[in-house]
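# Understanding the architecture of this molecule
This is what each chain is made of:
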Amino acid sequence: MPQDTEGVAQMAADVDMDRSERCRIRVRGVVQGVGFRPFVFRLAQQLDLAGWVRNDGEGVEMEVQGAPGNLSALMARLMKEMPSLARIDAIEHEACAPLAQDRGFTIRRSESGAVTTAIGHDSTVCPDCLDELFDPANRRWRYALINCTHCGPRYTLTGRLPYDRANTSMAGFVQCDACQDEYDAPAHRRFHAEPNACPDCGPQLSLLQADGVRVASHDPVADALLHLLTGHIVAIKGVGGFNLVCDARNPEAVERLRTRKVRGDKPFAVMVASVASARPYAKVSSEEAELLESAERPIVLLSKRSDADAHLWGVAPDLDQIGLMLPNSPLHYLLFHDEAGRPAGTDWLDEAQPMALVVTSANPGGEPLVIGNDEALERLSGIADLYLMHDREVLVRCDDSVARLSGGAPSFIRRARGYTPKAIRLTHKGPPTLAFGSYLKNTICLTRGDEAFLSPHIGDLSNPATCTAMDATAEHLMTVLACRPEWIACDRHPDVYATQAAHCYAEAHSLPLIAVQHHHAHIGAVLAEHGVDEPVLGLALDGVGLGDDGAAWGGELLRVDGAQFARLGHLQSLALPGGDRAAREPWRMAASALHAMDLSEDITERFGHLRGADRIGALLDAGTHCPPTTSMGRWFDAAAGLLGVCDVMHYEGEAAMRLESLAAEYGPALALPGGWHVDRDNRLDLMPTLLALRNTAEAHRGAAIFHATLVAALEAWVMATARSEGLRTVALGGGCFLNRLLTEGLSRRLTVRGLTVLRARQAPTNDGGLALGQAWVAIRSAMA
């Protein structure tokens, strides 16, 4: 009899259907813009699964059908083999009815809807793209905007979710046939890579003169490099905005940039080609090398080599550390590639390259980072000699992150590019809360469920442009997360723009507002990232924060229990002669200390060359314009002033940073016997230490003694308070804990004494993390 082949095939299909199962799977986390759908497609091909996958507002959704064992294998491999830039927070699945006609696997168009996912962070060039970038036979050889699903910009070019090309600044660039073929090919790493482009169809570079006239150049990168090597300042468009760049080995160029930017002696960051290129200037441990080479590419603070200043004169004066970074975009790599002679391949990166570039934020006058091409020509006029830019728009400004290795783990000085918008996981879900931060180093924080999203670093709210940028940042964060707040949080200082903006927003939207005490928020930020619910002892040390009594606080021992706190002790107060001016002029704090020690006659002897020194004693006698402060930062200033380290600061924290550097150079020292005392009101007084420092001729030694005595004093103070309160955990918060000698020394000693020490890791310990703490306290208040 003739064989019925169609019938046999149908019977086989029916048998397969009988054995098949179908499952709907939901993956939550950072799963858009990281190559997750192509990854799922390849797994489905390998496991002979039918179905589909798509992006939507909640993350990635898929339906898969096949043998039960293969479905189980898919679930396991999703977590085990996910793309390097992905983060899976949850995988949910449910059975559904098999479909007889479903024979293949497809990637479907994205669905809109309520957003509960997040866009990925910007990351540096991956090894595969580097190979192509430096391969003369590759069609993307030296293409300055090369990227794939494993690397490149995400957050800074995305206007809204879901993460599709139409919702990014690449929407206006139509892919050529070759790029489209890659985009459509499931086996290709550019499969659904939304910023995909090449020299034929993608954004292009241009070089402009200072007056905005385009330079007729066949190679803008090579021409820009020539200008850099001859001492010019070039504004270069990076991933999150413009940088001002000059040759770090050219003292005249460095000084010219410093002068034009009105930067004083504030240290510059330096970009080098590779870790091998960093080692001539800094000591780099294996952990620090890993941080430098991470996909996030932060500026990393490293200990200088002894001859670093001789090679990089004027880059980081009077400091023992230098901020180094590796290229974070293809454009940066091309500058180093040109200087190296355009070798084929990537082996040249294993060798030390001599070029070092100052790369600093293009934010003149402390205003927001420049991101637009026309904006650059206007705002950087008089600073930049040339402009190296491209026509891919930066939608969201995102400055360079700054980090250091502390206690064996990274910690942030500034959290921005590469880390925004990575979520900080909270222990409990709460109402969506928008926190506005404070005056200095402003950031915004928006919570959604059990996640907290810190905005990129915005800056000091000292000018209208930065205040406007803060408003725009808050709106963008709410848009990209599709989340509107139900609670508002802010600082208690009524004169800060962030506080005023918070009140206006709360009033306009009829939302409850919680004003959080500054130092409570500092400790709350640490507790938020560590997921601590029980009462703790909080040690908050910083420059200033408004206290509940209306005074300037900054050296506080607190008992923190969620939304509640109690002040258990504080540093002895010092007078601020001249008010806020004293926070910028350490000699005034030294004068305040001398006056408190009944040594007013020493003021004119030591500081008579400074304006106002002849009158400050009378000012302190009368108590006029001399408000008290318990700020730890002002005690550092007083010590620096007495030791002659710094009379007047040109940037925030300069005196304390220079004092720390001198102490680090000197090495270990013994604490002064009797260098402090604690009174019955639990006030820690360091005046005996300052009394000893006034006659210390050697600044290095005095700085080391000050640090050693401070650590010993804080240890004794914290331990005694912890015992009396019955607390075994202490959280350290506030900007003074950027001082590595203080932080590591105190943490080590308290740990040895049996306390659990919590430190900021995922958010900056300074005011850059304050919004996280405000949001945490507000959520605790809302849930109380």
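Remember, it's a predicted structure, so these values are computed and weren't measured experimentally. Along each chain, residue indices are assigned from 1 in the same order as the chain's sequence is written. It should be noted that, the model being predicted, local features are given only for residues of pLDDT at least 70 and side-chain atom pairs only at 80 or more, the latter also being counted only at that level, while totals for whole chains, interfaces and linings use all residues. Based on all heavy atoms of the structure, the side-chain values leave hydrogens and waters out of the count.

## Concerning the sheet that holds strand 5 (residues 105-107)
As a reminder, the rule being used: Strands are labelled as partners when DSSP assigns at least two bridges between them. Per the convention used, a helix needs a DSSP run of H or I reaching at least four residues, while a strand needs a run of E reaching at least two, with both numbered from the N terminus. To define axes, lines are fitted to C-alpha atoms, for helices over the stretch in contact only, and angles between the resulting N-to-C directions are given on a 0 to 180 degree scale. We call two residues in contact whenever any of their non-hydrogen atoms come within 4.5 Å of each other.
Pairing is mixed in the open sheet, where five strands are placed in the order 4-1-3-2-5. In the strand order of this sheet, the two ends are held by strand 4 (87-96) and strand 5, each with one partner. On average, adjacent strands in this sheet sit at an angle of 15 degrees to one another, irrespective of strand direction. Pairing between strand 1 (residues 21-30) and strand 3 (residues 59-66): seven bridges, direction antiparallel. Residue pairing in the sheet places Arg26 in a bridge with Glu61 of strand 3. Sheet strands in contact with helix 3 (residues 68-80) are strand 1, strand 3 and strand 4, and its direction is about 5 degrees off that of strand 1.

## Some words on the state of the cysteines
What counts, and what does not: Cysteine sulfur atoms are paired as a disulfide whenever they come within 2.5 Å of each other. Per-residue accessibility, obtained with a 1.4 Å probe over protein chains only, is compared with the maximum for each type, and a residue is labelled buried under 20%, exposed over 50%, and partly exposed between these values.
Enumeration according to the criterion identifies zero disulfides in this entry. Free of any disulfide, Cys504 has its nearest cysteine sulfur in Cys490, 11 Å distant. Residue class for Cys504 comes out exposed when judged on its relative accessible area of 53%.

## Quick notes on helix 20 (residues 654-666)
What counts is decided by this rule: A helix is expected to reach a length of 1.5 Å times the quantity of its residues less one.
Relative to the 18 Å expected for 13 residues at 1.5 Å per residue, helix 20 spans 18 Å between its end C-alpha atoms, a close match to the ideal helical length. Within helix 20 the residues assigned to the buried category are Glu654, Ala655, Arg658, Leu659, Glu660, Ser661, Leu662 and Ala663. The inward-facing, buried residues of helix 20 contact helix 16 (586-596), helix 19 (632-642), helix 22 (699-725) and helix 23 (740-752). Note on helix 20: the residue one or two positions beyond its end, Gly667, has a positive phi of about 100 degrees.

## Comments concerning the environment of Tyr281
Tracing the backbone shows Tyr281 in the loop between helix 8 (275-278) and strand 10 (282-283). Taking relative accessible area as the criterion, Tyr281 reaches 7% and is therefore assigned buried. Separated by 361 residues in the primary sequence, Tyr281 and Leu642 place their C-alpha atoms 32 Å from one another. Sequence-distant contacts of Tyr281, defined by excluding residues within four places in its chain, comprise Arg249, Val272, Ser303, Lys304, Arg305, Ala308, His311, Leu312, Ile322, Pro354 and Ala356.

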